[in-house]
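Letter by letter, the chains look like this.
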Amino acid sequence: MLWAADGEMMRAAYTLRPDDDDWGQAHTLIREVMDDDQRERLVRNVVGHVSNGVREPVLSRVFEYWRNIDPEIGQQIEKGVRANLNQ
């Protein structure tokens, strides 16, 4: 098989775009794609799973992870998990 190219070829590292990070796409999904009901179900699902045996130090990292994606969602998840753990 032959490959054809038109123009000069070069090797270069990928140039990052401003939205190339660990959190941006997930934040966009939550804020611009999901509606309020979907966000509520997401929080409920995460709270349910995290409340089922996840302990420190992983628990703190879970809250940090979700706060990095979306501060409001992260706060709701932490509040729900802590309420479940205090019961």
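All values reported here derive from a predicted model rather than from experimental measurement.

Visitor: Explain the overall build of the chain to me, please; I cannot follow it from the model alone.
Guide: Counting its regular elements, the chain contains four helices and zero strands. Going from N to C terminus, the chain has its helices and strands arranged as α-α-α-α. Against the globule reference of 12 Å for 87 residues, the chain gives a C-alpha radius of gyration of 20 Å, more extended than a compact globule. Out of the 87 residues in the chain, the part that is buried amounts to 23%.

Visitor: Is there a simple way to explain the confidence of the model for the chain in this structure?
Guide: Low-pLDDT portions of the prediction should not be read for the details of their coordinates. Summing up the model confidence of the chain, the mean pLDDT is 92 and the portion of residues at 70 or higher is 99%. When pLDDT is averaged over each helix and strand of the chain, the minimum, 95, is found for helix α1 (residues 24-33) and the maximum, 98, for helix α2 (residues 36-50).

Visitor: Explanation requested: the nonpolar core in the structure shown.
Guide: In a soluble, globular protein the nonpolar side chains are often hidden away together inside. In this structure, Ile30, Trp66, Ile77 and Val81 are the most contacted members of the largest nonpolar core, which totals 15 residues. Those elements that place two or more of their residues in this core are α2, α3 (58-69) and α4 (71-85). Setting aside residues up to four positions removed in sequence, Ile77 forms contacts with Val43, Val46, Val47, Phe63 and Trp66.

Visitor: Help me out: how do you make sense of the environment of Ile73 in this one?
Guide: In this fold, Ile73 is placed in helix α4. Counting along the chain gives 42 residues from Ile73 to Arg31, while the straight-line C-alpha distance between them is 9.9 Å. Non-local contacts of Ile73, meaning those with residues more than four positions away in its chain, are made with Ile30, Arg31, Arg39, Val43 and Trp66.

Visitor: Would you take a moment to explain the UniProt feature "domain: Catalase immune-responsive" (unreviewed entry) in the chain for this structure?
Guide: Under the UniProt annotation, "domain: Catalase immune-responsive" (unreviewed entry) lies at residues 19-81. Overall, residues 19-81 shows 76% helix and 0% strand. The separation of its end C-alpha atoms is 30 Å.

Visitor: How do you make sense of the pattern of salt bridges when you look at a structure like this?
Guide: Opposite charge on two side chains allows them to pair when their charged atoms are near. Considering all chains together, one arrives at six salt bridges under this definition. Between Glu78 and Arg82 there is a salt bridge, and its shortest N-O distance comes to 3.1 Å. Remark: Arg82 and Glu78 occur in helix α4; sequence separation between them is four residues, near one turn of the helix. You can call Glu78 partly exposed: its relative accessible area is 22%. Under the relative-accessibility criterion, Arg82 is labelled partly exposed at 34%. Within this structure, Arg31, Asp70 and Glu72 form a network of salt bridges that share partners.

Calculation notes
Residues numbered from 1 in each chain as written. Predicted model: local features only at pLDDT ≥ 70, side-chain atom pairs only at ≥ 80, totals over all residues. Heavy atoms only, no water. Helix = DSSP H or I, 4+ residues; strand = E, 2+ residues; numbered from the N terminus. Rg over C-alpha atoms; globule rule 2.2 N^0.38 Å. Buried < 20%, exposed > 50% of the residue type's maximum accessible area, 1.4 Å probe, protein only. pLDDT = per-residue confidence, 0-100. Core = buried A, V, L, I, M, F, W, Y, C linked by side-chain atoms within 4.5 Å. Contact = heavy atoms within 4.5 Å. UniProt positions renumbered as here; feature names shortened; annotations may be inferred. Salt bridge = Lys/Arg side-chain N within 4 Å of Asp/Glu carboxyl O.

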